[in-house]
Each structure stands twice: as C-alpha cells, then as structure tokens.
Amino acid sequence: MPPVEMLELRDARPEDESDFLRLWQGFCDGYGITLPPEVTAFTWARLMDPANPLTARLACLDGTPQGFAIHQHHPSTWVLGDDGYLEDLFVAPEARGKGLGRALIEDLIAIARAKSWRRLYWLTEIENATARRLYNQFCDNDGHIRYRMTL
C-alpha cells in the first residue's frame, strides 16, 4: 500500500516563490503561452502584497506546493455583496488525480462563504474537457461567452 500523502491548503508565502514559479511555468506551458519575466514578477509581487485583492492559495502534498488557485473578489451589480473570481487554477501533472483541484475549489468556496461573498465564478476554455468534468460537478456553466479586448 502506498504511503498516504498529507494535503495542506494555505495562502502562498514569500518563501514559496520558487515553487510557485515552477507551478506557474507549468500553467503557462499548458496553455502554450510565454509571458515576459516582468509580468510573472509583477504577478508574484501582487500575490505577496496584502493590500492587493489578488490572492494565491496553495495545495501542498507533504509540504511541497503542487497546485494553486489564484482568486480575487470584487463588488457586483447583480447581488447584495461581492463576487469571487477564481482566475487561475493549476495542479502539477505529477500530482493530478489526487483531488487537489477539487480541494482548491472547495477551499475557495469555504473562503467565499466565510467572507459572505454572494457568488463564485471562473472561466475555462470550451475544449478543456478535463477541467470541465471537474467544474460540472460543482455547477453548470452559465452559457456566457467571454469577450476580452486588449487595451
């Protein structure tokens, strides 16, 4: 019988930078994108800034970060309160199939409820069948199509 791995969910800390960068690179590679180093550095700096609403939660197996959920909240015109937005979710390939993606979403749901956010939403590519199988277990897609203009 394989040993049981200990799962910990927590906020990213400054000492997690190298692990985060490893995971972030895997995330970018998965989408086939290359970000300029200054964008990655800026993202990490914002994640570490307590005054910034962007937050990273880490899923750690036996103390090693193996996944992240980057999220933020914002006011909404549709509800009496705030919405939470799960911007990026990633689990390292070697840690997939162990429930980390589900755990990160459930963790974010608990945070959202504790902070009285009214709704939680996220996006994924329409062809990302693996992610959609997980997301469909939480809720149905709302039928919207995203339009994004680069300024």
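Now for a look at the structure at hand. (Residues numbered from 1 in each chain as written. Predicted model: local features only at pLDDT ≥ 70, side-chain atom pairs only at ≥ 80, totals over all residues. Heavy atoms only, no water.)

### Some thoughts on the packing of helix 1 (residues 17-31) against helix 2 (residues 37-48)
How two helices pack is summed up by the angle between their axes together with the distance between the axes. Orientation of helix 1 relative to helix 2, taken along the N-to-C sense of each, is 130 degrees, at an axis distance of 12 Å. Considered as vectors, helix 1 and helix 2 are oriented oblique to each other. Relative to helix 2, the crossing made by helix 1 is right-handed. Packed against helix 1, whose contacting residues are Glu17, Phe20, Leu21 and Trp24, the element helix 2 presents Thr40, Trp44 and Leu47 at the interface. (Axes fitted to C-alpha atoms, helices over the stretch in contact; angles between N-to-C directions. Helix = DSSP H or I, 4+ residues; strand = E, 2+ residues; numbered from the N terminus. Parallel < 35°, antiparallel > 145°, perpendicular 65-115°, else oblique. Left-handed = near helix turned anticlockwise from the far one by under 90°. Contact = heavy atoms within 4.5 Å.)

### Some points on the environment of Phe27
One can find Phe27 in helix 1. Contacts of Phe27, omitting those with residues within four sequence positions, involve Phe68, Asp88, Leu89 and Phe90.

### What to know about the pattern of salt bridges
For the structure on display, the rule yields ten salt bridges. The partner of Glu8 in a salt bridge is Arg10, and the shortest N-O contact between them spans 3.8 Å. Glu8 sits in the partly exposed class, given a relative accessible area of 37%. Take Arg10: its relative accessible area is 8%, and that puts it in the buried class. Here Asp16 makes a salt bridge to Arg10, at a shortest N to O gap of 2.6 Å. Linked through salt bridges whose partners overlap, the residues forming this network are Glu8, Arg10 and Asp16. (Salt bridge = Lys/Arg side-chain N within 4 Å of Asp/Glu carboxyl O. Buried < 20%, exposed > 50% of the residue type's maximum accessible area, 1.4 Å probe, protein only.)

Keep in mind these numbers describe shape, not what the thing actually does.
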